[in-house]
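Single-letter residue listing:
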Amino acid sequence: MEKINYNNTMLGEIVTEDFRAAEIFKEAGIDFCCGGKKTLTEACREKKLDVNAIASKLEDLHTQPHNSNQNFKDWSLDFLADYIMNTHHK
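Residues numbered from 1 in each chain as written. Predicted model: local features only at pLDDT ≥ 70, side-chain atom pairs only at ≥ 80, totals over all residues. Heavy atoms only, no water.

A. Structural view of helix α2 (residues 21-28). Among all positions of α2, only Ala21, Ala22, Ile24 and Phe25 are buried. The buried residues of α2 all sit within an arc of 160° when viewed along its axis, so they share a single face. Those residues of α2 that are buried are in contact with α1 (11-17), α3 (40-47) and α4 (51-60). Following α2 by one or two positions, Gly29 has its phi on the positive side, about 80°. (Buried < 20%, exposed > 50% of the residue type's maximum accessible area, 1.4 Å probe, protein only. Helix = DSSP H or I, 4+ residues; strand = E, 2+ residues; numbered from the N terminus. Arc of directions from axis to C-beta. Contact = heavy atoms within 4.5 Å.)

B. Fine view of the layout of surface pockets. Of the volumes computed, that of the largest pocket is approximately 380 Å³. Gly12, Val15, Thr16, Leu80 and Ile84 are, among the 16 residues lining the largest pocket, the residues nearest its centre. Elements represented by at least two residues in the lining of the largest pocket include exactly α1 and α5 (77-88). Considering every element that reaches the lining of the largest pocket, the biggest residue donor is α5, with five residues. Here the lining of the largest pocket is built from residues that sort into twelve nonpolar, three polar and one charged. (1 Å grid on protein atoms, 1.4 Å probe; cavity = no way out; pocket = protein on both sides within 12 Å on 5 of 7 lines; lining within 4 Å. Points joined across faces, edges and corners; volume = space filled by probe spheres on them. Nonpolar A, V, L, I, M, F, W, Y, C, P; charged D, E, K, R; others polar.)

C. Quick peek at the packing of α3 against α4. In contact at an axis separation of 9 Å, α3 and α4 are set at 130° when each is read in the N-to-C sense. Overall, the two elements α3 and α4 adopt an arrangement that is oblique. Considering how the two elements wind past one another, α3 and α4 form a crossing that is right-handed. For the pair α3 and α4, contact is made by Leu40, Thr41 and Cys44 and by Val51, Ile54, Ala55 and Leu58, respectively. (Axes fitted to C-alpha atoms, helices over the stretch in contact; angles between N-to-C directions. Parallel < 35°, antiparallel > 145°, perpendicular 65-115°, else oblique. Left-handed = near helix turned anticlockwise from the far one by under 90°.)

D. Examining the packing of aromatic side chains more closely. On inspection of all chains with the given rule, the structure shows one aromatic pair. With 6.2 Å between their ring centres and 35° between their planes, Phe25 and Phe32 make a pair best called tilted. (Phe/Tyr/Trp six-rings, centres within 6.5 Å; stacked < 30°, edge-to-face > 60°.)

By themselves these figures say nothing about function.
See below:
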């Protein structure tokens, strides 16, 4: 499997590719929703976090089983927006 360079990838893109990344970002205090247009490097710099440590956690996701039956990419934008608001902006 090819290693992904997360450092210069937008947060929103990372979560879109693997929604489990949202939990990693939440634990680190990184805003991936409204701040999703920032790169991982920018977000870590702002929070004074080690970008390599966060990227390593993201890479570890690829070794764990992905048991989601939800394909967020197939949802309509209206439904997805409602889901995000109700799940992440309580």
